[in-house]
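Each chain, written out:
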Amino acid sequence: MNIAVFASHGGSDLQAIIDGCTANRIPARVAAVISNNADSLALDRARAARIPACHLSAKLFGSEELLAQKILEALARYDIDMIFLAGYMRMLHPAVLDAYAGRIFNIHPALLPKFGGRGMYGIHVHEAVLAAGEDETGVTIHRVSPEYDSGEIVAQTTVPVLPGDTPETLAARVLEREHSFLVEVVADIAAGKIRLG
Ligand code: GRF
């Protein structure tokens, strides 16, 4: 299975997937990394692993339609079977969603459907979890639909909220769990235990 990972910033989730493939814990390979951000560490991580690294953005091409076309060209060029959004801060164009329907997944740092939707990204998610007084948060992996954070949930795991947590300490605990959970769930997708389409 050829995976394309889309990421906008640090790419630590991307790295977990790359390492899982290299260690044969995921029966697949990361065949391309796509980022809207030319300076993202994700692109550096891809290059370091000798994975094609593509900087594709609407700014670069002048329109969302042309960006979608360039993304579809790249996905075809690398014979992509499955797309994983790992910290990709853009909505995918309907043309891309349609072409890969049921084969696009996203990871979210909370227990959806709670703490999802527009504006719920990065540290804001963990601030909201603490403000709500939750004693548990977690990680959700879901299929991507046209609405933010609302596609079919395929896997979830919980992470405790501890006394004295700040948004930053909680974010670090959740991110660490994301890395191991990603390897488990992407392996299940690659092995066909979680179906594509
Ligand atoms: C993760 O918290 C993920 O849940 C969210 O974006 C973050 C990506 O982190 N979608 P990184 O760039 O992979 O380090």
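Because the structure is a prediction, the values reported are computed rather than measured. (Residues numbered from 1 in each chain as written. Predicted model: local features only at pLDDT ≥ 70, side-chain atom pairs only at ≥ 80, totals over all residues. Heavy atoms only, no water.)

One pass over the structure, following the stated rule, counts seven salt bridges. Between glutamate 64 and arginine 90 there is a salt bridge whose closest N-O contact spans 2.6 Å. With glutamate 64 in helix H4 (residues 64–77) and arginine 90 in the loop between strand S4 (82–85) and helix H5 (94–99), this residue pair connects regions lying 26 residues apart in the sequence. According to the relative accessible area criterion, glutamate 64 is partly exposed, its value standing at 32%. Exposure remark for arginine 90: the relative accessible area of 34% places this residue in the partly exposed category. Glutamate 184 is the salt-bridge partner of arginine 177, the closest N and O atoms lying 3.4 Å from each other. In this structure arginine 177 comes out as partly exposed when scored by relative accessible area, which is 22%. (Salt bridge = Lys/Arg side-chain N within 4 Å of Asp/Glu carboxyl O. Helix = DSSP H or I, 4+ residues; strand = E, 2+ residues; numbered from the N terminus. Buried < 20%, exposed > 50% of the residue type's maximum accessible area, 1.4 Å probe, protein only.)

All right, on to the site of the ligand then. As a matter of local geometry, the ligand sits amid Gly10, Gly11, Ser12, Asp13, Gly87, Ile107, His108, Pro109, Leu175 and Glu178. In this structure, an oxygen atom belonging to the ligand sits 2.8 Å away from a main-chain N or O atom of glycine 11. Glutamate 178 has a polar side-chain atom sitting 2.9 Å from an oxygen atom of the ligand. Calculation on the ligand without its partners gives an accessible area of 370 Å², and the protein chains cover 79% of this total. Taken together, the elements giving at least two residues each to the shell around the ligand come down to helix H1 (12–22), strand S5 (104–108) and helix H7 (167–190). Among the residues forming the shell around the ligand, the class breakdown is three nonpolar, five polar and two charged. (Near = heavy atom within 4 Å. Polar contact = N/O pair within 3.5 Å; in protein donor to acceptor, adjacent residues only side chain to side chain. Areas by Shrake-Rupley, 256 points an atom, 1.4 Å probe, with all protein chains shown as cover. Nonpolar A, V, L, I, M, F, W, Y, C, P; charged D, E, K, R; others polar.)

One can describe the packing of helix H6 (residues 123–131) onto H7 by two numbers: an axis separation of 9 Å at closest approach and a directional angle of 110 degrees. Taken together, the axis directions place H6 and H7 in an arrangement best described as roughly perpendicular. As H6 runs across H7, the sense of the crossing is right-handed. Counting all contacts with H6, which are made through Ile123, His126, Glu127, Val129 and Leu130, the residues of H7 involved are Pro167, Glu168, Leu170, Ala171 and Val174. (Axes fitted to C-alpha atoms, helices over the stretch in contact; angles between N-to-C directions. Parallel < 35°, antiparallel > 145°, perpendicular 65-115°, else oblique. Left-handed = near helix turned anticlockwise from the far one by under 90°. Contact = heavy atoms within 4.5 Å.)

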